[in-house]
Amino acid sequence: MEDHDNLKATELTLGLPGTDAIEKPTTAAPNVNKRSKEEEEEEECCGFTGSSGRPAAKAQVVGWPPVRSYRMNSFRERKMEKKEEDTTGIYVKVSMDGAPYLRKVDLGVYNSYEDLTDALEAMFKGFSLGKRIIQRQAHDLHESEHAITYEDKDGDWMLVGDVPWEMFVSSCKRLRIMKGCEARGLTSSP
Amino acid sequence: MVRGFGWAAAFPDEVWEHVFSFLAADADRNAVALVCRAWHRIERRSRRRVFVGNCYAVAPAAAVRRFPEVRAAAIKGKPHFADFNLVPTDWGGGAEAWVEAMAEGWPHLEELRLKRMVVSDDCLELIARSFKNFGVLSLVSCDGFSTAGLAAIAANCRNLRELDLHENEVEDNCLNWISHFPESFTSLVSLNIACLEGDVNTSVLECLISRCPNLRTLRLNHAMPLEKLVSLLQRAPQLMDLGTSKFSADHHPELFFKLESTFAGFKHLKSLSGIWEAGPAYLPAIYSVCESLTSLNLCYATIQSPELFKLVSRCKNLQRLWVMDLIEDNGLIAVAASCKLLQELRVFPSDPYGVAPPISLTEHGLVAISAGCLMLHSVLYFCRQMTNAALLTIANNRPNLTCFRLCIIEPHTPDYISQEPLDAGFSAIVESCKDLRRLSLSGLLTDRVFKSIGASANRLEMLSVAFAGDSDAGLHYILSGCKNLRKLEIRDCPFGDKALLDNASKLETMRSLWMSSCSVTLGACRQLALKMPRLNVEVIDERRGRPLESWPDDFPVEKLYIYRTVAGPRSDTPPCVWTV
């Protein structure tokens, strides 16, 4: 496609720099992710962009595009299995208050808090009693049943989500999904 | 000449029953039941199959009482948008109420199909114990159960013919559930365990397959390694429908040859799926069956375009193709040239969030298919760009479309050449495709497209709308038109109270309406509920703790699910759901 005015060079696009497909969609100005207020509150990924490698500006709308969550989950798990592992895996025990047995997760398989939370929610879905199991942000604590906490290198129990993902992975020794009422004592803000 | 409806008595009941047995469609049987009391009585006693599109539309006991001789039941639970995480996980759709009523009233039940329901292990155990002649269990997009429940089914259902587990969330706590099929069990015809995550004991499975000579369908899960797959498949050369496990391994020529000869041994194979993570090395082993395939599902196979092209272009008799967008336009052009019998095409996005470099799959691929495949009637297509011209061409090429679901991944995307909304394109689709039963819209759309849909889509039964429209007029056009509309699901559109209230009675002619992130207020829901007592108006709000009664009328409703019912408000609503 000839571009005599070299407009393409100054064009704003959503792709990473250097990716230049032949037929890139050129979308008009109104193409903003028009989300209602409710969905903005549901966004959890905005806080944890650095480690996931996604372009930070592109927040995701819940349930869009309409790919079945079953498909997304199974697809994501396959992709993760294929990743080359440098370490042999960072396995930590995960306990959930009220569940009869513990599980183990490999923290090296996940890229972000969001991925980890999704995986944990799927793992313990059978034991949840209602609403969403795990809080997404600190201020949600009173609205969810459980909160994810972890034991760090110093032996302290911390609320998951405060430190950058890589720092969390390197310092986390075990995870505990505790009841929301108990977890409230751990938040830094009242 | 017999007056009135006395002619019903002119023949004994068995004759009418025999006549009615030729009516397959529920709608026809329902019509027959309305003719006179005698026919109502005869019909209800002879109905063998029941389909409940919404598990809350009727009380289980009532359904069981009305049709005492049912042998096959199919029930659906959650709204379709539950597939995309828009419905709270605890919304409902539990199967217990139905299973308990059926255990009580239909001891001769042979077939049960559940979709988007919450099925517990207790349910599965009840099913296993209650129906002596149970033959078919199909669970699609369900959750709440584990392999322990499956073990109960395996152990107790002596005449099980079909176990179909499709895209369920199953907890894996009983690794050897397959070994619960007794040694005397030989009736299996169809086994689909593709959605199970855990390893399945291959030798036990091999034994099972060897002693079931009628096995026609076998869909395995991802976990089984390729070498074990080969030895398993050698036991079942009579298969017609195969879903493989992982199709990659370190390259061993010997393994390749074994795989190739196993496939060559399939003389009756018509349908192939699975092929997870196919490596280019092993794919050619399939080539020998391509010619006979009528259905090919590669939607989990991350094969790149050249290999895809080679595989699919050999499948001259393909009627159904499900594939990833990795096939690209060139691949679809090849399909259009080779697969002249194609009826259904689904193209899934390999990278829905647009992180990887863009794939060269555009409107051109779909246009090529619409031109080359004269029997094409069903389309699901994910892409990133579209034009009105392309849609017009597709509409003109394929007026026989019955299902057209287009998903342009970025919301509000206009025609990328003209920058216009895609109203003209979708209007062409509904005006040309007179038999269109299902439509999903996407891209930049104004109220104009809804005017066309309302006016022209006379056979439309299901419509999915997202990020479209300008005003209430859009919703009004749909609800005041679309004579045969059954299911309407809407998200993120500026549709509100007026259209809903002006068309309240339309809602009783439909199975259900879902609206989320629109402009509906609680006041309108209250008015609607008052006006239409045979609708359940469910307001879903996951954020607030205060009860519904305390909220004002102008409170914006986050999610709304309205459905017709003769069972009244349901008793199992979770905290986030209020029946207004």
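Reading the values: rules and limits
- Residues numbered from 1 in each chain as written.
- Chains lettered and ligands numbered in written order.
- Predicted model: local features only at pLDDT ≥ 70, side-chain atom pairs only at ≥ 80, totals over all residues.
- Heavy atoms only, no water.
- Helix = DSSP H or I, 4+ residues; strand = E, 2+ residues; numbered from the N terminus.
- Buried < 20%, exposed > 50% of the residue type's maximum accessible area, 1.4 Å probe, protein only.
- Contact = heavy atoms within 4.5 Å.
- Areas by Shrake-Rupley, 256 points an atom, 1.4 Å probe, with all protein chains shown as cover.
- Salt bridge = Lys/Arg side-chain N within 4 Å of Asp/Glu carboxyl O.
- Polar contact = N/O pair within 3.5 Å; in protein donor to acceptor, adjacent residues only side chain to side chain.
- Patch = residues over 30% accessible without salt bridge, like charges linked within 9 Å, V, L, I, M, F, W, Y side chains within 5 Å.
- pLDDT = per-residue confidence, 0-100.
- Pairing = 2+ DSSP bridges.
- Lys, Arg positive; Asp, Glu negative; His and termini not counted.
- Charge placed at Lys NZ, Arg CZ, Asp CG, Glu CD.
- UniProt positions renumbered as here; feature names shortened; annotations may be inferred.

A. Geometry of the overall build of chain A. Each helix and strand counted, chain A has 6 helices and 5 strands in total. Along its sequence from the N terminus, chain A presents helices and strands in the succession α-α-α-β-β-α-β-β-α-β-α. Taken over 190 residues, chain A has a buried fraction of 40%. Put simply, of all contacts in chain A between residues at least 6 apart along the chain, 52% involve residues at least 24 apart. On chain A, roughly 10900 Å² of surface is accessible, and the fraction owed to carbon and sulfur atoms is 53%.

B. Up close: the pattern of salt bridges. All names here are of chain B. One pass over the full model with this rule turns up 27 salt bridges over all chains. In this structure, the salt-bridge partner of Asp-13 is Arg-41, at a minimum N-O distance of 2.8 Å. Of this pair, Asp-13 sits in helix α1 (residues 13-20) while Arg-41 sits in helix α3 (residues 37-46), placing them 28 residues apart in sequence. Overall, the relative accessible area of 39% leaves Arg-41 in the partly exposed class.

C. Up close: the environment of Phe-131 of chain B. Residue and element names in this part refer to chain B. Here Phe-131 shows up in the loop between α6 (121-130) and β4 (136-140). With a relative accessible area of 2%, Phe-131 lands in the buried category. Expressed as a C-alpha distance, the spacing of Phe-131 and Ala-103, which sit 28 residues apart in the sequence, is 7.0 Å. Beyond its immediate chain neighbours, meaning those up to four positions away, Phe-131 contacts Met-102, Ala-103, Trp-106, Pro-107 and Leu-109.

D. A look at the side chain of Ser-187 of chain B. Residue and element names in this part refer to chain B. Of note, Ser-187 is situated in the loop between β7 (169-171) and β8 (190-192). Here the side chain of Ser-187 touches Leu-160 through a polar contact of 2.8 Å, landing on its backbone oxygen. Sequence-distant contacts of Ser-187, defined by excluding residues within four places in its chain, comprise Arg-158, Asn-159, Leu-160, Arg-161 and Cys-212.

E. Fine view of the environment of Leu-488 of chain B. Residue and element names in this part refer to chain B. Position of Leu-488 relative to the elements: it lies in strand β19 (residues 487-491). In this structure Leu-488 comes out as buried when scored by relative accessible area, which is 1%. For Leu-488 and Val-15, which are 473 residues apart along the polypeptide, the C-alpha to C-alpha distance reads 40 Å.

F. Fine view of a nonpolar patch on the surface. A grouping of Phe-11, Val-15 and Val-19 of chain B is seen on the molecular surface, where their side chains present a nonpolar patch of about 240 Å² in accessible area. Topologically, Val-19 of chain B is positioned in helix α1.

G. Structural view of the confidence of the model for chain A. Residue and element names in this part refer to chain A. Put simply, chain A has an average pLDDT of 64, and 45% of its residues get 70 or more. Confidence, expressed as mean pLDDT per element, reaches its minimum in chain A at helix α2 (residues 37-42) with 36 and its maximum at strand β1 (residues 91-96) with 88. Here residues 19-58 is modelled with pLDDT under 50, and outside its nearest four sequence neighbours on either side it reaches 79 contacts, counting other chains as well.

H. Local environment of helix α17 (residues 447-456) of chain B. Within α17 of chain B, burial applies to Asp-447, Val-449, Phe-450, Ser-452, Ile-453 and Gly-454 of chain B. Considering only its buried residues, α17 of chain B is in contact with α16 (423-432), β17 (438-440), β18 (462-466) and α18 (472-480) of chain B.

I. Fine view of the side chain of Thr-362 of chain B. As for its position among the elements, Thr-362 of chain B is in the loop between β14 (344-348) and α14 (363-372). At 2.6 Å, the side chain of Thr-362 of chain B forms a polar contact with the side chain of Asp-329 of chain B.

J. Molecular detail of the pairing of strand β3 (residues 146-151) of chain A. Residue and element names in this part refer to chain A. Among the 6 residues of β3, 6 are classified as buried, and the element is accordingly described as predominantly covered. By the alternation rule, side chains of β3 split into His-146, Ile-148 and Tyr-150 and Ala-147, Thr-149 and Glu-151, which are all buried. Bridge analysis of β3 against strand β5 (residues 174-179) gives 6 bridges, and the strand direction is antiparallel. Its bridge partner being in β5, Glu-151 is matched across the sheet by Arg-174. Relative to strand β4 (residues 157-159), β3 runs antiparallel, the two sharing 3 bridges.

K. Just a negative patch on the surface, in detail. Residues and elements named next belong to chain B. Side chains of Glu-96, Glu-100, Asp-122 and Glu-125 sit close together on the surface and give a patch of like negative charge. At the level of elements, α5 (96-105) and α6 are the ones that each hand at least two residues to the negative patch. Along the chain, the position of Asp-122 falls in helix α6. By relative accessible area, which is 57% here, Asp-122 ends up exposed.

L. Broad picture of the UniProt feature "domain: F-box" (unreviewed entry) in chain B. UniProt tags residues 11-52 of chain B as "domain: F-box" (unreviewed entry). The annotated region residues 11-52 of chain B carries 62% helix and 10% strand content, and the separation between its end C-alpha atoms amounts to 31 Å.

M. Local environment of the pairing of strand β2 (residues 103-106) of chain A. As paired strands, β1 of chain A and β2 of chain A are joined by 4 bridges and run antiparallel to one another. Its bridge partner lying in β2 of chain A, Lys-93 of chain A is registered against Lys-104 of chain A.

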